[in-house]
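Structural characterization, general
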Amino acid sequence: MISAFVNCLKIPELRQRILLTLGLFFVARLGTHIPLPGLDPTPLQNFYDDMTKRSGGGMLGMLNMFTGGALRSGSILALGIMPYINASIFMQLFAAVEPHMARLAQEGDVGRQKISQYTRYATIAIGGVQAVMILYALAYFPEQFLSQYSVAKYGPIVIMNPLWFMICGTIIMTSGAMLLMWIGEQITQFGIGNGTSLLITINILSGLPMAAKQVWISLNPTLGVEGLSGSQFILMFTLLVIVVAGIVALTQGQRKIPVHYAKRVVGRRVFQSQSSFLPLKVNYSGVMPIIFASAILMFPQQIFSYLHAWFGLTIFESLSATLQSGSMTFYVIYTVLIFAFSFFWTSIMFKPIQVADEIKKMGGYIPGVPPGEPTAKFLGFTMDRLTMAGSVFLTAIAVLPNILMNHYQVPWAIAQFFGGTSTLIMVGVLLDTMRQVETFLLQRHYDGFLKKGRAKSNASRATQTLDQQEIRNLRPLWIPLLVLLVAGLAAWVYNHPAK
């Protein structure tokens, strides 16, 4: 593993891509600590800390996790990369139901560029609407927008003229969302991995130091906090390993459908008969069912809370409490929604009839299954069974953090790394990034991260010593990175003293 990381520095193109990716990460993380003009982040931070201790923060906590703390700090990047992700999801769903968009998606690079352009326009629209709604609520009625927020307790959030604050804030926040979109595209094109997914992963991982601090406080009896014992910590660590291993198996799991291709002649070229397979993923829908289910459950809860605050009727308070995390109703509805969205997303993205037609056009067939409609039915039946199994595992992983937080009093900062949306995204993105780095290494005849990926001869083994000149060329970059690391650690220790 260590030699694989060292080998990454030997390949000039890979080294350049890694350094560019790290530099853009630094720019994205720096923007999360720049507050909007006219906004006092202190009341927002205190309110979020109190909400996180009680219930994980609800929808605010989820959005803050995806933005890497930018929403909590009232940052210029408070919208995060979510407007671009929402626009991308909307364009995917729109392309599945609108014939013109479906034709564009099949026109190669020209069609994809057109869809990408439409996605950027949609990002500006979505980001502008979200910015106006958030800033208007913070400026005029923060107590209704943020459940359990009190101006008398925490203080005012907006400290300048509300109208001017909305105008400036909308422009700045929308520009921040577009900046993150541009950074994600640059990482995808010139860096390593999918830029959008990596930005979300980095934002989620930014909460890891706070989780480590919570674990240290729980294990240190001198701090006066009743926390975890040594055996409980070992049990939690073992559970973490099991959960991560299960997520890796769920992400990588697939059913290989054998496909045989008959001998055929295309022009002057003769294609011999061959055998291949069609991979069908167990978790074809990825993390989308959890995101949709969480959003749908959060919105009614917030609406009932607002209705209770406005009209004072106890029925709205009871309905809001019924949908809160930890109740049996919450788990039942959450499970049903995850199953429903898993099948819905798979039915939109996976077209058995289209796949069967493509196999038939290529002269292929599945052994024991007639071509055409029987193949489509077989693929649809197989995918339904895989989706059912994937939904069961996905539900178990999704509800685990809520069970740990609500029934075993595990802090949300720690529980979010034991499953749910954050862990699924992190594991999936890191596996995809590792595969890309592995490809670069194997192309240059180096060992990858996996033992089965060895592809080098004895002659190439003798040449795998890191060039000293390349190390000296990297030395000017190490000094500022080391200074930034030390300064960042010192600032974090200063702002988070041990109690």
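Residues numbered from 1 in each chain as written. Predicted model: local features only at pLDDT ≥ 70, side-chain atom pairs only at ≥ 80, totals over all residues. Heavy atoms only, no water.

A count of helices and strands for the protein chain gives 22 helices and five strands. Counting the 499 residues in the protein chain, one finds 42% classified as buried. The long-range share in the protein chain, meaning contacts at least 24 apart out of those at least 6 apart in sequence, stands at 70%. (Helix = DSSP H or I, 4+ residues; strand = E, 2+ residues; numbered from the N terminus. Buried < 20%, exposed > 50% of the residue type's maximum accessible area, 1.4 Å probe, protein only. Contact = heavy atoms within 4.5 Å.)

Moving on, we come to the packing of aromatic side chains. Any aromatic ring pair is given by two values, namely how distant the centres are and how the planes are angled relative to each other. A full pass over the atoms with the stated rule returns six aromatic pairs. Taking 5.7 Å as the distance between ring centres and 85 degrees as the angle between the ring planes, the aromatic pair formed by Phe 47 and Tyr 154 counts as edge-to-face. Note that Phe 47 is positioned in helix H3 (residues 41-55) and Tyr 154 in helix H9 (residues 151-154), a separation of 107 residues in sequence. The interplanar angle of 70 degrees and the centroid separation of 5.8 Å between the aromatic rings of Tyr 284 and Phe 350 together place this pair among those described as edge-to-face. One end of the pair, Tyr 284, is in the loop between strand E4 (274-281) and helix H14 (288-311); the other, Phe 350, is in the loop between helix H16 (328-349) and helix H17 (352-361), with 66 residues separating them in the sequence. Exposure remark for Tyr 284: the relative accessible area of 31% places this residue in the partly exposed category. Residue classification places Phe 350 among the buried residues on the basis of a relative accessible area of 8%. (Phe/Tyr/Trp six-rings, centres within 6.5 Å; stacked < 30°, edge-to-face > 60°.)

What follows concerns the environment of Tyr 118. Relative to the elements of secondary structure, Tyr 118 occurs in helix H7 (residues 109-140). Through-space distance from the C-alpha of Tyr 118 to that of Ala 87 is 8.9 Å; in sequence the pair is 31 residues apart.

Relative to the elements of secondary structure, Gly 207 occurs in the loop between helix H11 (195-205) and helix H12 (208-219). Spatially, the C-alpha atom of Gly 207 lies 8.1 Å from that of Gly 69, the residues being 138 residues apart in sequence.

Quick look at the sheet that holds strand E1 (residues 254-261) now. With antiparallel pairing, three strands are arranged side by side in an open sheet as E4-E1-E5. Only two strands of the sheet have a single neighbouring strand rather than two, namely E4 and strand E5 (364-365). When E1 meets E5, the two strands line up antiparallel, connected through two bridges. Bridging from a neighbouring strand, Tyr 261 pairs with Gly 364 of E5. Helix-sheet contacts for helix H18 (residues 373-407) involve E1 and E4, and the interaxial angle to E4 is about 40 degrees. (Pairing = 2+ DSSP bridges. Axes fitted to C-alpha atoms, helices over the stretch in contact; angles between N-to-C directions.)

Mapped onto the elements, Ser 342 comes out in helix H16. By relative accessible area, Ser 342 is classed as buried at 1%.

In this section: the packing of helix H5 (residues 82-97) against H7. In the contact formed by H5 and H7, the axes pass within 8 Å of each other and the chain directions differ by 130 degrees. Between H5 and H7, the angle is such that the two are oblique. In this structure, H5 crosses over H7, and the sense of that crossing is right-handed. Residues Pro 83, Tyr 84, Asn 86, Ala 87, Ser 88 and Met 91 of H5 touch H7, and the partners they reach there are Ile 115, Tyr 118, Thr 119, Ala 122, Thr 123, Ile 126, Gly 127 and Gln 130. Class assignment of the residues belonging to the contact of H5 with H7 gives a composition of eight nonpolar, six polar and no charged. (Parallel < 35°, antiparallel > 145°, perpendicular 65-115°, else oblique. Left-handed = near helix turned anticlockwise from the far one by under 90°. Nonpolar A, V, L, I, M, F, W, Y, C, P; charged D, E, K, R; others polar.)

This part covers H18. Helix length check: H18, at 35 residues, gives a terminal C-alpha distance of 50 Å against a target of 51 Å (1.5 Å per residue), a fit within 8%. If you look at H18, its biggest bend is around 30 degrees, right at Val 399, and the proline Pro 401 turns up within four residues after that. Where H18 terminates, the next one or two residues include Gln 409, which has phi positive at roughly 55 degrees. (Expected span 1.5 Å × (residues − 1). Bend = angle between axes of the 7 residues up to and from the residue.)

Okay, the nonpolar core next. Within the largest apolar cluster, 69 residues are counted, with the highest numbers of intra-cluster contacts made by Ile 81, Ile 204, Leu 278, Leu 280, Tyr 334 and Leu 424. If one sorts the elements of this core by residue count, H18 sits on top with ten residues. Those residues in contact with Leu 424, other than ones at most four positions away along the chain, are Ile 247, Leu 250, Val 287, Ile 290, Leu 394 and Ile 397. Phe 47, Ala 78, Leu 79 and Met 173 belong to the second-largest nonpolar core, a separate cluster that totals 22 residues. (Core = buried A, V, L, I, M, F, W, Y, C linked by side-chain atoms within 4.5 Å.)

For the rest of this paragraph, the subject is the packing of H17 against H18. Closest axis-to-axis distance for the H17/H18 pair is 8 Å, and the angle between their directions is 130 degrees. Here H18 runs oblique to H17, going by the angle between their axes. In this structure, H17 crosses over H18, and the sense of that crossing is right-handed. Contacts between H17 and H18 involve Pro 352, Ile 353, Val 355 and Ala 356 from the former and Thr 375, Ala 376, Leu 379 and Gly 380 from the latter. Among the residues forming the contact of H17 with H18, the class breakdown is six nonpolar, two polar and no charged.

Moving on to empty space enclosed by the protein. Throughout the structure, instances matching the rule amount to two cavities of 30 Å³ or more. Taken together, Ala 28, Thr 32, Thr 67, Leu 77, Gly 80, Leu 180, Leu 199, Ile 202 and Asn 203 make up the lining of the largest cavity. Looking at the lining of the largest cavity element by element, the count peaks at three residues for H11. The calculated volume of the second largest cavity comes to roughly 30 Å³. Forming the walls of the second largest cavity are Val 282, Asn 283, Tyr 284, Ser 285, Ser 342, Thr 346, Thr 387, Gly 390 and Ser 391. A per-element tally of the lining of the second largest cavity places H18 first, with three residues. Residues belonging to the lining of the second largest cavity are distributed by class as follows: two nonpolar, seven polar and no charged. (1 Å grid on protein atoms, 1.4 Å probe; cavity = no way out; pocket = protein on both sides within 12 Å on 5 of 7 lines; lining within 4 Å. Points joined across faces, edges and corners; volume = space filled by probe spheres on them.)

For E1 and E4, the ladder comprises eight bridges, and the chain directions are antiparallel. Residue Arg 255 lies in a different strand from E4, and its bridge partner there is Leu 280.

All we've got here are geometric facts, nothing functional implied.
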